[in-house]
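# A look at the structure
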There are 2 protein chains.
Amino acid sequence: MTEPLALADVEAAAARIAPHVETTPLLEAPLLDAELGFRLLVKAESLQPVGAFKLRGAFNQILQLTDEERRRGVIAVSSGNHAQAVAYAARAMGVAATIVMPQDAPRVKLERTKALGARVEFYDRLSNDRDALTRRLAEREGLRFIHPYDDPRTIAGQGTIGLEIFAQTRAKGVAPEAIIASCSGGGLASGIALTLGLYARAPRMFTAEPAGFDDMRRSLESGAAQVNAALAGSICDALLAPTPGRHTLPILLACGARGLAATDAQVEAAMRVAAEHFRLVLEPGGAAALACALIERERFAGMTVVVIASGGNVDRKDFAAILDR
Amino acid sequence: MTEPLALADVEAAAARIAPHVETTPLLEAPLLDAELGFRLLVKAESLQPVGAFKLRGAFNQILQLTDEERRRGVIAVSSGNHAQAVAYAARAMGVAATIVMPQDAPRVKLERTKALGARVEFYDRLSNDRDALTRRLAEREGLRFIHPYDDPRTIAGQGTIGLEIFAQTRAKGVAPEAIIASCSGGGLASGIALTLGLYARAPRMFTAEPAGFDDMRRSLESGAAQVNAALAGSICDALLAPTPGRHTLPILLACGARGLAATDAQVEAAMRVAAEHFRLVLEPGGAAALACALIERERFAGMTVVVIASGGNVDRKDFAAILDR
């Protein structure tokens, strides 16, 4: 694909994946709005069958495999949600999936990936040998690599969320002024950015990252890809990509996106708000965008703000401990 | 209203309340299905703005008030979800609401009812003076009483869930064989029962009650209204009505509904399943139908079963303790 990604690619993806993914609700909590001083809408992607938006990009990839690629199978690298998404979509289409995962992936994500029939190979997150391992496996077995974010087909798939947000806000008669998406490599945010042209007045796009892992925020500020100092150490296990994608950063720069970040404590507070006001179970990375909205009350005062609740795969006991704080 | 309730009343309610309520998703968890041996679909009514299906009946009531009734205001008796629903719908339509609540109502439900602008009056659940108190207030102030379940307008409103289930299962290409609804007085179950004629082959309707508070189960078996021995003592605070409604029981008898019941421990296990597999925060009463599905694997083997996740208003720390077990 040499053409730049555009709205038409997202619309084609939406038609392709429609039979396989949920149209997730856009939730509101009027009592919370009164506290916040702005109108908050939560796009509950945690309600997808695998508990994360990643299912959209995975299906948009698997559904475009050639017959030869289908026969050989696919391979993906993921700390968890992309893994489950690729495993789920591959199984649905009768394709073999190999997933390369970090040894410290949350147990619930590991177990479910296996239960979905995928073969799992491990790497050590700190020694970071995952790319070499993945390349070796892909070459030896002729597997098609499904990138978690830096691939036009993945990005177009995630962007289908943006089409739903446009339709759902229009149905409610509201005009969103900001959309906040959790950000690891930027696939979700850049995909949604491709849909901003639908609006009469385009909402501002924001990325939400863990504090200390805010490579996208610094990249958007500087105009060039920045790299995180650390590879691990945030509660948001799903948001630890070291640097923006080559495809994702230009899209986000082009639309004037800005970066936000939240600490672990702020993310945990957002998980409690999600449970109490929206009755949603969110994993830390899935609550990052909500966390950024909650800590930016002055910036968003009086506005209508959409946040993506991007995932809900959290170990039950870890979740209980966070709720109990 | 002297005509018997029918599908047309539910369809009229749906048109009336559509701008005010969410079309909630019908969720699936394929990995759980593999464990259970049947296909389970969860109608997530916990995602309504007040966290419970009760919003449907409340709007169908408030939207049909006469001008005079609007001016005087409404009154309702509720342990919580009906209270919030009436308060929310009344506020939305500019009507004053008075809510009569038990002193032991969950704190989160009490606080939110107040935050929604309702006046709250308390009664003692064990001395059961609520009907006298409510009648006195209603007469003195000329307030219209909004019954939580035993009123045709309430039942028709709750029945709109059944229309959504019909449309959503048809869109998925599945034919439900059973629908399980949590049951206190029977408004939800009887409302849905009014929609069963839409199906080529009607699913069997089941009610789900707390063990020991299974007046509806015993009433459906005997063909006459039975009464619970106790008025309090279940974790399912929302499901403690002492006997079926005069309107609800005949509808459920007519469609051949059957009663199921779950213990507190089984309800808590269902709350954990809802969090882990569907990423939903459910209150005990909201998980009763799921609990009954989980404990009736033999009965439902190989079938397609819809359960209503009817509410999600649970104190955060109580929920954390249940998740941690």
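### Points about the overall build of chain A
A count of helical and extended segments in chain A gives 15 helices and 10 strands. Its C-alpha atoms give chain A principal-axis dimensions of about 55 × 45 × 40 Å. The proportion of buried residues among the 325 residues of chain A is 63%. Within chain A, counting contacts between residues at least 6 apart in sequence, those at least 24 apart form 74% of the total. Looking at chain A as shown, the accessible area adds up to about 11800 Å², and 49% of this sits on carbon and sulfur atoms. Within chain A, the 37 negative side-chain charges are centred at a point lying 3 Å from the centre of the 36 positive side-chain charges.

### Digging into the relation of the copies chain A and chain B
Overlaying chain A with chain B gives an RMSD of 0.0 Å, the required rotation being 180 degrees about an axis along which the chain moves by 0.0 Å. A rotation of that kind, with that shift, is consistent with a two-fold axis. When each C-alpha of chain A is compared by its distance to the rotation axis, Ala-320 of chain A comes out closest, at 2.2 Å. Residue by residue, 100% of the interface of chain A is reproduced at the interface of chain B, so both copies engage with the same surface.

### Structural notes on the sheet that holds strand 7 (residues 178-182) of chain A
All names here are of chain A. Ordered in space as 1-2-10-7-8-9, the 6 strands form an open sheet in which the pairing is mixed. A single partner strand is all that each edge strand has here, and the edge strands are strand 1 (26-28) and strand 9 (258-262). Pairs of neighbouring strands in the sheet enclose a mean axial angle of 30 degrees, with direction left out of account. Alignment of strand 7 against strand 10 (residues 304-309), held across 3 bridges, turns out to be parallel. For Ile-180, the partnering residue across the bridge sits in strand 10 and is Val-307. Each of strand 1, strand 2 (39-44), strand 7 and strand 10 is contacted by helix 8 (residues 152-172), which is oriented at about 135 degrees to strand 2, the strand it contacts most.

### Considerations on helix 5 (residues 81-92) of chain B
Between its first and last C-alpha atoms helix 5 of chain B spans 16 Å; for 12 residues at 1.5 Å apiece the expected length is 16 Å, and the two agree. Counted residue by residue, helix 5 of chain B has 10 buried out of 12 residues, so it is predominantly covered. All buried positions along helix 5 of chain B are accounted for by Asn-81, His-82, Ala-83, Gln-84, Ala-85, Val-86, Ala-87, Tyr-88, Ala-89 and Ala-90 of chain B. Considering only its buried residues, helix 5 of chain B is in contact with helix 2 (30-36) of chain A together with helix 3 (54-62), strand 3 (74-77), strand 4 (97-102) and helix 6 (107-115) of chain B. Once helix 5 of chain B ends, the next one or two residues include Gly-94 of chain B, with phi positive near 70 degrees.

### As for the domain arrangement of chain A
All names here are of chain A. Taken domain by domain, chain A holds domain 1 (7-52 + 152-324) and domain 2 (55-145). Taken together, the contact pairs 29 residues of domain 1 with 24 residues of domain 2. Summing both partners gives a buried area of about 2400 Å² for domain 1 against domain 2, and 52% of it is carried by carbon and sulfur. There are 2 salt bridges connecting domain 1 and domain 2. Two residues, Arg-56 and Glu-45, come together in a salt bridge whose shortest N-O distance is 2.6 Å. Counting across the interface, domain 1 meets domain 2 through 13 residue pairs in polar contact (both at pLDDT 80 or more). Listed by contribution, the elements that provide at least two residues to the side of domain 1 that touches domain 2 are helix 1 (7-17) and helix 8.

### Here we look at the environment of Arg-170 of chain B
Position of Arg-170 of chain B among the secondary structure elements: in helix 8 (residues 152-172). In this structure the C-alpha to C-alpha distance between Arg-170 of chain B and Tyr-199 of chain B, which are 29 residues apart in sequence, comes to 9.4 Å.

### Points about the nonpolar core
The biggest cluster of nonpolar side chains holds 91 residues, and the ones touching the most others in it are Leu-40 and Ile-180 of chain A together with Leu-40 and Ile-180 of chain B. Those residues in contact with Ile-180 of chain B that lie beyond four places of it in its chain are Phe-206, Ala-208, Leu-260, Ala-289, Cys-292, Ala-293, Phe-300, Val-305, Val-306, Val-307 and Ile-308 of chain B.

### Some points on the pattern of salt bridges
Counting across every chain of the model gives 40 salt bridges over all chains. For Arg-39 of chain A, the salt bridge goes to Glu-28 of chain A, with nearest N and O atoms at 2.7 Å. Residue Arg-39 of chain A is located in strand 2, and its partner Glu-28 of chain A is located in strand 1; the two are separated by 11 residues in the primary sequence. Connected through salt bridges with shared partners, the residues Glu-22 of chain A together with Glu-28, Arg-39 and Lys-172 of chain B form a single ionic network.

### Here we look at the sheet that holds strand 5 (residues 119-123) of chain B
Residue and element names in this part refer to chain B. Spatially, 4 strands are ordered 5-4-3-6 in an open sheet, and the strand pairing comes out parallel. Only two strands of the sheet have a single partner each, and these edge strands are strand 5 and strand 6 (144-145). Pairing between strand 3 and strand 4: 4 bridges, direction parallel. Residue pairing for strand 4: Val-74 is matched across the bridge by Ala-97. Here helix 7 (residues 130-141) sits on the sheet and contacts strand 3, strand 4, strand 5 and strand 6; the angle it forms with strand 5, its principal contact strand, is near 145 degrees.

### Describing helix 10 (residues 215-222) of chain B
Residues and elements named next belong to chain B. Listed in full, the buried residues belonging to helix 10 are Asp-215, Met-216, Ser-219 and Leu-220. All buried residues of helix 10 lie within an arc of 130 degrees about the axis, which places them on one face of the element. Packing partners of the buried residues in helix 10 comprise strand 8 (204-210), helix 11 (248-254) and strand 9 (258-262). One or two steps after helix 10, the chain reaches Gly-223, where phi turns positive at roughly 85 degrees.

### Structural notes on the interface of chain A and chain B
Taken residue by residue, the interface counts 36 residues in chain A and 36 residues in chain B. For the pair chain A and chain B, the summed buried surface comes to about 3100 Å²; carbon and sulfur atoms form 55% of the total. The largest per-residue losses of area from chain A upon contact with chain B belong to Leu-31, Arg-279 and Arg-316 of chain A, which jointly make up 27% of the total buried on that side. Here chain A is connected to chain B by 4 salt bridges. Between Lys-172 of chain B and Glu-22 of chain A there is a salt bridge, with the nearest N and O atoms lying 3.1 Å from each other.

### Section: the confidence of the model for chain A
Residue-level pLDDT values for chain A average 95, and 99% of them are 70 or greater. Scored as a whole, the predicted complex attains pTM 0.96, and scored at its interfaces, ipTM 0.95.

### Things to note about the environment of Arg-218 of chain B
Residue and element names in this part refer to chain B. In this structure, Arg-218 sits in helix 10. A relative accessible area of 27% places Arg-218 in the partly exposed class. Remark: the alpha-carbon pair of Arg-218 and Asn-228, spanning 10 residues in sequence, is separated by 9.5 Å. When near neighbours in sequence (up to four residues on either side) are disregarded, Arg-218 contacts Gln-226, Val-227 and Asn-228. In this structure the side chain of Arg-218 is engaged in a polar contact, spanning 3.3 Å, whose partner is the side chain of Asn-228.

What counts as what
- Residues numbered from 1 in each chain as written.
- Chains lettered and ligands numbered in written order.
- Predicted model: local features only at pLDDT ≥ 70, side-chain atom pairs only at ≥ 80, totals over all residues.
- Heavy atoms only, no water.
- Helix = DSSP H or I, 4+ residues; strand = E, 2+ residues; numbered from the N terminus.
- Buried < 20%, exposed > 50% of the residue type's maximum accessible area, 1.4 Å probe, protein only.
- Contact = heavy atoms within 4.5 Å.
- Areas by Shrake-Rupley, 256 points an atom, 1.4 Å probe, with all protein chains shown as cover.
- Lys, Arg positive; Asp, Glu negative; His and termini not counted.
- Charge placed at Lys NZ, Arg CZ, Asp CG, Glu CD.
- Least-squares fit on C-alpha atoms with pLDDT ≥ 70 in both.
- Pairing = 2+ DSSP bridges.
- Axes fitted to C-alpha atoms, helices over the stretch in contact; angles between N-to-C directions.
- Expected span 1.5 Å × (residues − 1).
- Domains from an automatic or database assignment.
- Buried area = accessible area lost by both parts, 1.4 Å probe.
- Salt bridge = Lys/Arg side-chain N within 4 Å of Asp/Glu carboxyl O.
- Polar contact = N/O pair within 3.5 Å; in protein donor to acceptor, adjacent residues only side chain to side chain.
- Core = buried A, V, L, I, M, F, W, Y, C linked by side-chain atoms within 4.5 Å.
- Arc of directions from axis to C-beta.
- pLDDT = per-residue confidence, 0-100.

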